[in-house]
Amino acid sequence: LFTVFFLMIRRPPRSTLFPYTTLFRSILLAGGMFARSLVEERSNGIIEILLSSCKGEQLLSGKILGLSLLGVFQLFIWVIFGLIITKNEAFNPSFFNNLGFQILFFFVGFIFYITIYTAIGIIAKTDHEVQQFSSYLSLLLILPLILSVYVIPHPNSGLSLFLNYFPLTSTPIMILRLNVISLQLYEIILTLFINIISVVVIIKLSSKYFSKIVLNR
């Protein structure tokens, strides 16, 4: 996995995989840190203090939104520095296809996977368990990269559409498809709806477990 990840960060940004690999790196860097911080806060009693003034769902939603905004800000800084250093020479014009929608789905995808990392931080009791669960999620995150050899030349195939609407692979596949073709508005809206519903469901289930089982509230 680390070998593949190293190869991914060595890929030239000219590749149509650049937006996806950027999302992958951002999730790996921020997600594990977020999950470990939840485990630490549970162990030292900070969570109990925070929950005395707000609900579990509010606490988790605030953490997820705050970290997601930070992740997008970091992405913005990376892109600006990249443009300055390379003077646009490293970016293929196709990178800017549907750029607004790519940024939107980057943000939505980041929130979705950070929400899953939140569930990991709630379920796990130690850093070792966080690493174990995170490795499983990393394998899932790398699946779109493996399938990109098929999705990029066949963005409207049955498999591509299934992966596009399957929550766990939805945003990476959508970013890949947006990078190579122009999509119908209903496809974009439907994919957004699926991801937003998935985030809401995960937060609600996680907050219930968080408050009632983990903290015995």
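Residues numbered from 1 in each chain as written. Predicted model: local features only at pLDDT ≥ 70, side-chain atom pairs only at ≥ 80, totals over all residues. Heavy atoms only, no water.

Right, let's talk about the nonpolar core for a bit. Ile27, Phe105, Tyr113, Ile114 and Leu137 are the most contacted members of the largest nonpolar core, which has 36 residues in total. Only helix 2 (18-44), helix 4 (56-86), helix 5 (99-123), helix 6 (127-151), helix 8 (170-180) and helix 9 (185-214) provide two or more residues apiece to this core. The element best represented in this core is helix 5, accounting for 11 residues. Leu137 has contacts with Tyr113, Ile116, Tyr117 and Ile120, leaving out every residue within four places of it along the chain. Counting residues in each nonpolar core, the second largest holds six residues, with Ile47, Leu51, Leu59 and Ile122 among its members. (Core = buried A, V, L, I, M, F, W, Y, C linked by side-chain atoms within 4.5 Å. Buried < 20%, exposed > 50% of the residue type's maximum accessible area, 1.4 Å probe, protein only. Helix = DSSP H or I, 4+ residues; strand = E, 2+ residues; numbered from the N terminus. Contact = heavy atoms within 4.5 Å.)

So, on to the packing of helix 5 against helix 8. At a minimum axis separation of 9 Å, helix 5 and helix 8 run at an interaxial angle of 170 degrees. Accordingly, the angle class assigned to the pair helix 5 and helix 8 is roughly antiparallel. Between helix 5, through Phe101, Gln102, Phe105, Phe106, Val108, Gly109 and Tyr113, and helix 8, the contact on the second element is made entirely by Thr171, Pro172, Met174, Ile175, Leu178 and Asn179. Of the residues in the contact of helix 5 with helix 8, the class split is nine nonpolar, four polar and no charged. (Axes fitted to C-alpha atoms, helices over the stretch in contact; angles between N-to-C directions. Parallel < 35°, antiparallel > 145°, perpendicular 65-115°, else oblique. Nonpolar A, V, L, I, M, F, W, Y, C, P; charged D, E, K, R; others polar.)

On to the pattern of salt bridges. Overall, the coordinates contain one salt bridge when judged by the stated rule. The salt bridge involving Arg177 is made with Glu187; its shortest N-O contact spans 3.0 Å. With Arg177 in helix 8 and Glu187 in helix 9, the pair connects residues that are 10 residues apart, well separated along the chain. According to the relative accessible area criterion, Arg177 is buried, its value standing at 0%. Classification of Glu187 as buried rests on a relative accessible area of 7%. (Salt bridge = Lys/Arg side-chain N within 4 Å of Asp/Glu carboxyl O.)

What follows concerns a nonpolar patch on the surface. Nonpolar side chains collect at one region of the surface, where Ile123, Phe133, Tyr136, Leu139 and Tyr209 lie side by side and expose about 480 Å² of accessible area between them. Here the element with the most residues in the nonpolar patch is helix 6; it accounts for three residues. Looking at the element boundaries, Phe133 is found in helix 6. Assessed through its relative accessible area of 31%, Phe133 is described here as partly exposed. (Patch = residues over 30% accessible without salt bridge, like charges linked within 9 Å, V, L, I, M, F, W, Y side chains within 5 Å. Areas by Shrake-Rupley, 256 points an atom, 1.4 Å probe, with all protein chains shown as cover.)

All right, on to the confidence of the model for the protein chain then. Overall, the predicted model of the protein chain reaches an average pLDDT of 76, with 78% of residues at or above 70. Confidence scores differ between elements of the protein chain, with helix 1 (residues 2-10) showing the lowest mean pLDDT of 41 and helix 7 (residues 158-165) the highest of 92. Predicted confidence is poor over residues 1-14, with pLDDT under 50, and the contacts of this stretch with residues over four places away or in other chains come to 20 contacts. (pLDDT = per-residue confidence, 0-100.)

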